[in-house]
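Summary of the model geometry
Given next are the chains, with one letter for each unit.
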Amino acid sequence: MKYTIGDHLITKKAHVCGSNEWEVLRIGIDIKLKCVQCGREIMMFKADLDKKVKTVIEQRKSEQS
Ligand SMILES: [Zn+2]
């Protein structure tokens, strides 16, 4: 999957806080994500993230009208 900073990701498994929505903060060797509900930030390798992500919500596209 392809990720862009600002995208929101829906993961298959929920975070400990109960939310399964994450915001992409930084993309490099690994990807930095922030839990939308509790604000916890995590780092994850792209290969690992690909296995966990169910849906990518592209923020930029939704702003166009
Ligand atoms: Zn959380």
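The structure we're discussing is the one just above.
Residues numbered from 1 in each chain as written. Predicted model: local features only at pLDDT ≥ 70, side-chain atom pairs only at ≥ 80, totals over all residues.

1. As for the overall build of the protein
- Counting its secondary structure elements, the protein contains 2 helices and 5 strands.
- Counted from the first residue to the last, the protein has its helices and strands arranged as β-β-β-β-α-β-α.
- Taking 2.2 N^0.38 as the reference for a compact globule, 65 residues should give roughly 11 Å; the C-alpha atoms of the protein span a radius of gyration of 11 Å, in line with that estimate.
- Projecting the C-alpha coordinates of the protein onto the three principal axes gives extents of approximately 35 × 25 × 20 Å.
- Burial analysis of the protein (65 residues in total) assigns 11% to the buried set. (Helix = DSSP H or I, 4+ residues; strand = E, 2+ residues; numbered from the N terminus. Rg over C-alpha atoms; globule rule 2.2 N^0.38 Å. Buried ≥ 20, exposed ≤ 12 C-beta atoms within 10 Å, placed from the backbone.)

2. Some words on the sheet that holds strand E2 (residues 21-27)
- Strands sit in the order E4-E3-E2-E1-E5 across an open sheet of 5 strands; the sheet is antiparallel. Pairing within the sheet leaves two strands with one partner each, and these edge strands are strand E4 (41-45) and strand E5 (53-57). Neighbouring strand axes in the sheet, compared pairwise and without regard to direction, differ in orientation by 35° on average.
- Pairing of strand E1 (residues 8-11) with E2, which is carried by 3 bridges, proceeds in the antiparallel orientation. Bridge pairing links His8 to Glu23 in E2. (Pairing = 2+ DSSP bridges. Axes fitted to C-alpha atoms, helices over the stretch in contact; angles between N-to-C directions.)

3. Brief notes about the environment of Lys13
- Tracing the chain through its elements places Lys13 in the loop between E1 and E2.
- On a C-alpha basis, the gap between Lys13 and Lys52 in space is 7.2 Å, while along the polypeptide they are 39 residues apart.

4. Comments concerning the nonpolar core
- Counting 6 residues, the largest nonpolar core consists of Leu9, Trp22, Ile31, Leu33, Cys35 and Leu49.
- Here Trp22 is in contact with His8, Leu9, Thr11, Leu33, Lys34, Cys35 and Val36, once residues within four sequence places are set aside. (Core = buried A, V, L, I, M, F, W, Y, C linked by C-beta atoms within 7 Å. Contact = placed C-beta atoms within 7 Å.)

5. A word on the pairing of strand E3 (residues 30-35)
- Every second residue of E3 is oriented toward a common face, the buried set being Ile31, Leu33 and Cys35 and the non-buried set Asp30, Lys32 and Lys34.
- For E2 and E3, the ladder comprises 5 bridges, and the chain directions are antiparallel. Bridging from a neighbouring strand, Val24 pairs with Leu33 of E3.
- In this structure, the hairpin formed by E2 and E3 is closed by a connection of 2 residues.
- As defined by bridge partners, E3 adjoins E4 across 5 bridges and the pair is classed as antiparallel. Among the inter-strand pairings, Lys34 is bridged to a residue of E4, identified as Glu41.
- Linkage of E3 to E4, two consecutive antiparallel strands, is achieved through a turn of 5 residues, within which Gly39 is found at a positive phi near 85°.

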